[in-house]
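Chains, contacts and geometry: an overview
Now for the letters of each chain:
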Amino acid sequence: MRKIVHKNFFVWQADLEEKWLNEMSAQGWQLLSVALFRYEFEQGDKGEYCYRLELLEDWPTHPNSMEYIRFVEETGAEFIGRVKRWVYFRKRTADGAFELFSDIKSQLTVNMRSVQLLTVLFFVELAYLLPASYMLYTAPHLLLAGVIALNAVLELLMSIGLVKMLAKRSQLKRELAIRE
Amino acid sequence: MENIVLTEAVFYVLLSLHTPLHGYGIMQQVSELSHGRVNLAAGTLYGALSTMQDKGWIESLPGEQSSRKKEYRITTVGRAVAVAELARLRELVAHGSQFLEVK
């Protein structure tokens, strides 16, 4: 039996997303395929698979990315699919523990990718909000006000997300000063 | 050579690659050598292998015809780095034994 779940996770909620996928797996729902906001599950054994996701440095079709995906598959994991630069893997729990990163340096590398992405999105949004707000100020318009309000909310959420990711980066760096 | 401190993962990878191995083989070998204490994750290992190749400490070999798995092997430079690291670790052990009075 299969089911489709529509859910949204923001860029800074990758940990939550991974946790959710593994919780679904624990209930017997194994992720089969992914698309934007769309997860397809298949009923299987409880906890059959362990899921991991990662934001890649390059697009999944880039040779480096493809080499990386193949490398991970060779270690016994299965590539499920991708959404933009996010790739999803799974490995049978019976085959042993499955992590993508075993030291702080690599966790930091991945964290930096999210920080970079969020920073870009933050400024792109700002590049819209500033002129649009000025336009609204000079020529008030209800529809425009609504659109700006929505974007402002998104910008606020992204700011919070960015702060969270930066806090995580600081924490990792402090940890790195002590140990690997 | 500058004062380099290797991570545990890199040191074990260098040791393992005295025999040509592919990615998963390295993970298994390191886990075995360290009695399950050091478990390299795929993403971490991939990054380490890339960096070590860039530094010339390891090199890749074409895989066997049946599989496309890339194998890696330590180079002369890599060997020198590992030897230097062993000397550094010996020094740490000597000082540690002095101060901590543990056999």
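Nothing here was measured: the structure is a model prediction, and the numbers come from that model.

By size, the foremost hydrophobic cluster in this structure holds 39 residues, and its most contacted members are Leu14, Leu17, Ile26, Leu40 and Leu49 of chain B. If you list the elements that add at least two residues to this core, you get α2 (63–74) and β6 (86–92) of chain A together with α1 (8–16), α2 (23–33), α3 (42–54), β3 (71–74) and α4 (76–100) of chain B. Here leucine 14 of chain B is in contact with Leu6, Met52, Trp57, Ile58, Ile74, Gly78, Val81 and Ala82 of chain B, once residues within four sequence places are set aside. With 27 residues, the next largest nonpolar core counts Val5, Trp12, Leu21 and Met165 of chain A among its residues.

Residues and elements named next belong to chain A. All chains considered together, the criterion is met by 11 aromatic pairs over all chains. Between the aromatic rings of phenylalanine 10 and tryptophan 12, the centroid separation amounts to 4.8 Å while the plane-to-plane angle is 0°, which identifies the pairing as stacked. Note on tryptophan 12: relative accessible area 14%, which makes it buried. By way of ring pairs, the aromatic residues Phe9, Trp20, Tyr39 and Phe41 are connected into one cluster. One residue, lysine 7, lies across the ring of tryptophan 20, its end atom 5.2 Å from the ring centre.

Quick look at unusual backbone geometry now. For lysine 84 of chain A, which is not a glycine, the phi torsion comes out positive at approximately 55°. In this structure, lysine 84 of chain A sits in the loop between β5 (78–83) and β6. Given the relative accessible area of 48%, lysine 84 of chain A is considered partly exposed. With phi around 50°, histidine 35 of chain B is a residue other than glycine that occupies positive phi space.

Residues and elements named next belong to chain A. Pairing analysis gives five bridges linking strand β1 (residues 2–6) to strand β3 (residues 38–43), with the strands arranged antiparallel. Paired with valine 5 across the bridge in β3 is tyrosine 39. Note: strand β2 (residues 29–35) against β3, six bridges, orientation antiparallel. Along β3, the bridge assignment pairs valine 34 with tyrosine 39. A loop of two residues connects β2 with β3, the two strands running antiparallel in sequence, and phenylalanine 37 in this loop sits at a positive phi of about 60°.

This brings us to the confidence of the model for chain B. When the pLDDT values of chain B are averaged, the result is 90; 90% of them are 70 or greater. Among the scores for the predicted complex, ipTM is 0.84 and pTM is 0.89.

At the junction of the two partners, chain B supplies 18 residues and chain A supplies 16 residues. Of the roughly 1500 Å² buried between chain B and chain A, counting both surfaces, carbon and sulfur atoms make up 57%. Inspection of the region where chain B meets chain A yields one salt bridge. The partner of lysine 70 of chain B in a salt bridge is glutamate 67 of chain A, with the nearest N and O atoms 3.9 Å apart. Inspection of the chain B/chain A interface yields seven residue pairs in polar contact (both at pLDDT 80 or more).

This brings us to a nonpolar patch on the surface. Residues and elements named next belong to chain A. On the surface, Val153, Leu154, Leu156, Leu157 and Ile160 cluster together to form a nonpolar patch covering roughly 410 Å² of accessible area. By secondary structure assignment, the location of leucine 156 is in helix α4 (residues 142–178). Given a relative accessible area of 55%, leucine 156 falls into the exposed group.

Residue and element names in this part refer to chain B. Taking 1.5 Å as the rise per residue, α4 with 25 residues should run 36 Å; its terminal C-alpha atoms sit 36 Å apart, in good agreement. All buried positions along α4 are accounted for by Gly78, Val81, Ala82 and Glu85. At the C-terminal side of α4, glutamate 101 shows a positive phi close to 50°.

The rules behind these values
- Residues numbered from 1 in each chain as written.
- Chains lettered and ligands numbered in written order.
- Predicted model: local features only at pLDDT ≥ 70, side-chain atom pairs only at ≥ 80, totals over all residues.
- Heavy atoms only, no water.
- Core = buried A, V, L, I, M, F, W, Y, C linked by side-chain atoms within 4.5 Å.
- Buried < 20%, exposed > 50% of the residue type's maximum accessible area, 1.4 Å probe, protein only.
- Helix = DSSP H or I, 4+ residues; strand = E, 2+ residues; numbered from the N terminus.
- Contact = heavy atoms within 4.5 Å.
- Phe/Tyr/Trp six-rings, centres within 6.5 Å; stacked < 30°, edge-to-face > 60°.
- Lys NZ or Arg CZ within 6 Å of the ring centre and 35° of its normal.
- Pairing = 2+ DSSP bridges.
- pLDDT = per-residue confidence, 0-100.
- Buried area = accessible area lost by both parts, 1.4 Å probe.
- Salt bridge = Lys/Arg side-chain N within 4 Å of Asp/Glu carboxyl O.
- Polar contact = N/O pair within 3.5 Å; in protein donor to acceptor, adjacent residues only side chain to side chain.
- Patch = residues over 30% accessible without salt bridge, like charges linked within 9 Å, V, L, I, M, F, W, Y side chains within 5 Å.
- Areas by Shrake-Rupley, 256 points an atom, 1.4 Å probe, with all protein chains shown as cover.
- Expected span 1.5 Å × (residues − 1).

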